Amino acid sequence: MRLAVTAVLLALALAIGMLTVDLHGQDGRIEAWAPMPEKPNPFTPPHKALTKLSDVLAKHKGQQSWSEPIVNDNLFQGSYIAMAPGAKTPRRFHQDNRAMWVVQDGQIRFTIEGIEPFVATKGYLVQVPKRLVYSMETVGDRPSLRFEVLMANSHTMYPADEKPAPVPGVKYERVSVANAKGAYDDANVPYIDYNLVMNGGKPKPKRNQTQFVGDAHDGGYVNVGIANILRGDPKTEKPAREDDRGHFHLTGPEFWFMLEGQNEFKIGDVPLFVANQGDIVYAPAQVWHRPRHVGAGMATRLAFVGYANSHLFQPGGE
């Protein structure tokens, strides 16, 4: 009788979108009940399932410097930012959180406290830890374009000898702050030139080559989260199954920057679609999503999530 009741409850849970995973902890998982809204979480502006780079560029045609917010939720801020040739940001830093960028076009000279300045081009992934002072400058004869990711509510501060960039509704007051700076480590390095991988070479050695940023919300300090580099050959992908909903995240969203090639996405009840290089894809919290590598060549997506081991799967899902 008890087994029959358990089977009925399990079937009911699956039907209403609740989650059970791995009764005996196989593959390091446990079985659990996950709360889900009766109506799926909506895409609130500026969020869209697919933001096409071509649409963003068309919107700002004729402009050399502009900013377009793509992500603004409980965990992250993400924006496409263009800067005219010769334009330079003031020296600045972020008090509590790491900042990161994907360079999409042009050339940007990064000057970061404690390391030699370098020029990043398309395919570079750049990050700076909390409280390290940095600036960016477009070099060359055409505008630069970068995708910038900060943690939600991350504020920009400026050294006392720098003039802050004006922000409507904001005034700046001189303060004193602890000189406790973040640092790079063997997993979080100043930059990754991903062109080395896409051109058939090998990246510079670092711990966890499949991760750009490894600041999970684990341990003693909350930072910006995780950015995983997920590359694959569409020819080796398993065939898609209609009953495979993928996974979801309970506390925050997941979003992706397409670094290379194409990916197919199944997100909630959004019709199946394909994202190309430079596109941004977004899945709200508690919404099932399933990305797959597709197309003729290798494909890479950069996946941003807030918490380690936060993927919730269907029972028996991968």
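Each value, and the rule that gives it
- Residues numbered from 1 in each chain as written.
- Predicted model: local features only at pLDDT ≥ 70, side-chain atom pairs only at ≥ 80, totals over all residues.
- Heavy atoms only, no water.
- Helix = DSSP H or I, 4+ residues; strand = E, 2+ residues; numbered from the N terminus.
- Phe/Tyr/Trp six-rings, centres within 6.5 Å; stacked < 30°, edge-to-face > 60°.
- Buried < 20%, exposed > 50% of the residue type's maximum accessible area, 1.4 Å probe, protein only.
- Lys NZ or Arg CZ within 6 Å of the ring centre and 35° of its normal.
- Pairing = 2+ DSSP bridges.
- Axes fitted to C-alpha atoms, helices over the stretch in contact; angles between N-to-C directions.

**Points about unusual backbone geometry**
Here the residue pair Pro-45 and Pro-46 is connected by a cis peptide bond, since its omega of 10° sits within 30 degrees of zero. As for its position among the elements, Pro-46 is in the loop between α1 (2–15) and β1 (50–51). Look at Asn-208: it is not a glycine, yet its phi comes out positive at around 60°. Considering the arrangement of structural elements, one finds Asn-208 in the loop between α3 (195–198) and β13 (211–215). Unusually for a residue other than glycine, Gln-286 sits at a positive phi of about 60°.

**Side note on the packing of aromatic side chains**
Enumeration over the complete set of coordinates arrives at 15 aromatic pairs. Arranged with centres 5.4 Å apart and planes meeting at 75°, the rings of Phe-76 and Phe-255 form a pair that is edge-to-face. Of this pair, Phe-76 sits in strand β3 (residues 76–83) while Phe-255 sits in strand β16 (residues 254–260), and the two are 179 residues apart along the sequence. Phe-255 shares its class with Phe-76; the two are buried. Within the aromatic cluster, the residues linked to one another by ring pairs are Phe-76, Tyr-80, Phe-147, Phe-255, Phe-257 and Phe-304. Over the ring of Phe-313 we find Arg-29, and its NZ or CZ is 4.3 Å from the ring centre.

**Focus: the sheet that holds strand β6 (residues 107–112)**
Judged by pairing direction, the sheet is antiparallel, and its three strands sit side by side in the order β7-β6-β9 without closing on themselves. Of all the strands in the sheet, just β7 (118–120) and β9 (134–139) have a single pairing partner and so form its edges. Averaged over neighbouring strand pairs, the angle between their axes works out to 30° when direction is ignored. When β6 meets β7, the two strands line up antiparallel, connected through three bridges. Of the residues in β7, the one forming a bridge with Ile-108 is Ala-120.

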